[in-house]
There are 2 protein chains.
Amino acid sequence: MVSDKMAKLVAGSSIIRAMFQDGKIMAEKYGKENVYDFSLGNPSIVPPPTVKEAIADLALNSPEMELHGYMSNEGYDDVRQTVAEYINKTYGTDYSAKNIIMTVGAAGGLNVALKSLINPGDEVLLVAPYFGEYDNYIANFDGVKVVISPDYERFSINFEELEKKITPKTRFMIINSPNNPTGAVYSEEDIIRLAEILDRKQKEYGISIFLFSDEPYREIAFNGIEVPYITKYYSNAIVGYSYSKSLSLPGERIGYLVVPTELDDFEDTIVAMSVATRIMGFVNAPSLMQKVVARCIGQTSDLKVYEENKEILYKALTEYGYECVEPGGTFYMFPKCPIPDDKEFCAKAKDFRLVIVPGSGFSCPGYFRIAFCVDKSTVVNSLDSFKKLIDFYK
Amino acid sequence: MVSDKMAKLVAGSSIIRAMFQDGKIMAEKYGKENVYDFSLGNPSIVPPPTVKEAIADLALNSPEMELHGYMSNEGYDDVRQTVAEYINKTYGTDYSAKNIIMTVGAAGGLNVALKSLINPGDEVLLVAPYFGEYDNYIANFDGVKVVISPDYERFSINFEELEKKITPKTRFMIINSPNNPTGAVYSEEDIIRLAEILDRKQKEYGISIFLFSDEPYREIAFNGIEVPYITKYYSNAIVGYSYSKSLSLPGERIGYLVVPTELDDFEDTIVAMSVATRIMGFVNAPSLMQKVVARCIGQTSDLKVYEENKEILYKALTEYGYECVEPGGTFYMFPKCPIPDDKEFCAKAKDFRLVIVPGSGFSCPGYFRIAFCVDKSTVVNSLDSFKKLIDFYK
């Protein structure tokens, strides 16, 4: 018998696994070019050529004991300094190496932050629709999730509901902008309003509420839209970043945490995160990849195909009658289903060779997610199917 | 305020950090060549040249989306198959890909196994002296550690005490052979006896007791001594392996778990470990490094310097009057202190420019650990200091 906490997840995993095998199975059955698989959020663009050059050069020419050896749990000092300087230059902040912890992807970073800051029973605010894994990360540490229901108009934040749901047990809030699954980008006004509410509640209850901004999609933002840097608006803010989507390196597990000096108990928090990195089994972010991202700092894969796909899809789908909040970023779109049952709708979509994901998986039934991190030709070829699908319900 | 669990570790961390900075600080003060730093278990030998060649070739010539992309949480199928075939060929087992989960080092693997298998309150048996991090891994999941006191004669296992300390709440046991900190290698007789006890107790209490063999030092074994493959002796055995010490890649975070098909609830356990890998934030072992270790399967760094260092140290120290169980493997030696207070002894050692670690840190006061993963010249030059140190107490 596996552990009790894992037993529930084991029971549910076969359903999830089947769902994500759908695209593969259909491709085998009907031919890959005849299936429009929009289910997985896996980058579809190669890393910039500087990445492979950096890997090879480091491997062949830099001292091996240092390249592959242990370093402090927070990461190489020079890598952390390079990351800090890049953030300062780009966002107008004032960080140094001590504010940066290199992590095993964004997922590793968020787990480290939760381990370091929440106690069993602490409440963690989530904004629906949200990436379902947040539930599991919170459960890892016996936190209690408190979900703010969706703002269907803009997929921003239901601020009135947020304010009502903050209690003396609120400890942590996770936001994700640009957002999976909606593609929404919170505006500066949104962030200012959020910060005001959290600040007021911190004072009212005499507590610290840590605002965690999960930002793997920061660079996938359209039309030059600004993605506000959270730490400039709220002092108990932490940024979690990953190179998975911006440099197309999801398998390599490399990202970082930004922990501002003005955070409550900054010194102890940094030590806690360093120790947590070690005792949770990460020990440190992979050494070679730390040096690679430092070398390639500020670069990204050629991200414009995501915007091109968005343009094609959004125009067509809205013409066909789908209701959809236009994404400001990411490679996700979150249209409303023409029927209330999103699972039934996504099952029907397979008849038209479309593989899409029900919004229920993101705590937002009645909607569906399209991951358009695919070739443009797949997007173009899928349009007819999307039309037939909505016409089926007319 | 950091989380309660982390607060204690934060308080203690400055002491540990200071201890591991000792060597650096003394080197700066007296000159590196005048300090004999035996405190850190960091490999001192470069990886075989095939590693850098594999990294460069994979980076420059293999399809990038597959090389750096997500794969199943258990790892690439072909890498798992390669690892399974290597284990079969070397140890006479009969595994396939499904028995292997690639992990973020041995630390990641052990955390995944504990997350998957233990509930809060479950007892986890440990054999002193042991690697102190096991305490933290167990605490991560609210397990209860039960320590078997040291077998001072051979640093094997106190079997009578073990038998007494198994209860209906015993769920997991961690062994580490070749052993950090003692260098001991359990014999086949030891393993057979251990398996017999555990098997008998499983039946007596109607429970499963998972025997986890933490094996990063498997290849650092001297005089051709055989390191028994645990899974051949006990069916609820799991092996945790890492390439950190054998391929000198500790910073890269790459290892694997071996989960035999005969394990109780094998299917559910594999699923649990796969899901745990994902939700704990590892997601998967680093992709490039998975492929590197597959390419370099069966190779190691040139490990003979560790045995040479052992020979020099053991001969000299026993001549000087130190009592010491001769290591069968690893780059560690665990002599008895000439005085009962190991912390006082290690503090005095610094007067002779020796940096060594008190056995208290391994739940074995009165002893000290020497990590001889250093240049041979450091070992040779240190001998006089070891002599002066023990003479001080005569």
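What counts, and at which threshold
- Residues numbered from 1 in each chain as written.
- Chains lettered and ligands numbered in written order.
- Predicted model: local features only at pLDDT ≥ 70, side-chain atom pairs only at ≥ 80, totals over all residues.
- Heavy atoms only, no water.
- Salt bridge = Lys/Arg side-chain N within 4 Å of Asp/Glu carboxyl O.
- Helix = DSSP H or I, 4+ residues; strand = E, 2+ residues; numbered from the N terminus.
- Buried < 20%, exposed > 50% of the residue type's maximum accessible area, 1.4 Å probe, protein only.
- Pairing = 2+ DSSP bridges.
- Phe/Tyr/Trp six-rings, centres within 6.5 Å; stacked < 30°, edge-to-face > 60°.
- Lys NZ or Arg CZ within 6 Å of the ring centre and 35° of its normal.
- Contact = heavy atoms within 4.5 Å.
- Buried area = accessible area lost by both parts, 1.4 Å probe.
- Polar contact = N/O pair within 3.5 Å; in protein donor to acceptor, adjacent residues only side chain to side chain.

K.L.:
Please clarify how the pattern of salt bridges should be interpreted in this entry.
P.N.:
Where charged atoms from two side chains of opposite charge approach closely, those side chains can pair. For the coordinates displayed, the defined rule picks out 50 salt bridges over all chains. In this structure, the salt-bridge partner of Glu 133 of chain B is Arg 278 of chain A, at a minimum N-O distance of 2.7 Å. Separated into two different chains, Glu 133 of chain B in helix α6 (residues 133–140) and Arg 278 of chain A in helix α9 (residues 266–279) make up a pair that spans both. The class of Glu 133 of chain B is buried, set by a relative accessible area of 9%.

K.L.:
Help me out: how do you make sense of the sheet that holds strand β11 (residues 357–358) of chain B in this one?
P.N.:
Whenever strands of a sheet pair, they do so through backbone hydrogen bonds, lying parallel or antiparallel. All names here are of chain B. If you walk across this open sheet you meet the 3 strands as β9-β12-β11, and the pairing is antiparallel. Because the sheet does not close on itself, it has two edges, and the strands there are β9 (332–333) and β11. Bridge count for β9 against strand β12 (residues 368–371) is 2 bridges, and the pairing is antiparallel. Opposite Tyr 332, over in β12, you have Ala 371 as the bridge partner.

K.L.:
I tried to follow the packing of aromatic side chains on my own but got confused; where do I start?
P.N.:
Each aromatic ring pair is characterised by the separation of its centres together with the angle its planes make. This model, assessed by the stated rule, comprises 51 aromatic pairs over all chains. Look at Phe 282 of chain A and Phe 282 of chain B: their rings are 4.8 Å apart centre to centre, the planes differ by 50°, and that puts the pair in the tilted class. Taken together, the residues Phe 282 of chain A in the loop between α9 and α10 (287–295) and Phe 282 of chain B in the loop between α9 (266–279) and α10 (287–295) connect one chain to another. Assigned by exposure class, Phe 282 of chain A and Phe 282 of chain B land together as buried. Taking the centre distance of 6.2 Å and the plane angle of 10° together, the rings of Tyr 130 of chain B and Tyr 134 of chain B count as stacked. These aromatic residues form a ring-pair network of at least three members: Phe 38, Tyr 322, Phe 345, Phe 352, Phe 368, Phe 386, Phe 392 and Tyr 393 of chain A. One Lys or Arg, Arg 218 of chain A, reaches over the ring of Tyr 91 of chain A and ends 4.6 Å from the middle of that ring.

K.L.:
When you look at the interface of chain B and chain A in this model, what are you seeing that I'm missing?
P.N.:
When the parts of a complex come together, some accessible area is lost, and that lost area is often taken as the interface size. Chain B puts 72 residues into the contact, and the matching count from chain A is 72 residues. With both chains or domains summed, chain B and chain A bury close to 5900 Å², and 56% of this area falls on carbon and sulfur atoms. A per-residue breakdown of the area chain B buries against chain A is headed by His 68, Tyr 70 and Ile 279 of chain B, which together make up 11% of the total. For the pair chain B and chain A, the interface holds 4 salt bridges. At the surface where chain B touches chain A, the tally comes to 38 residue pairs in polar contact (both at pLDDT 80 or more).

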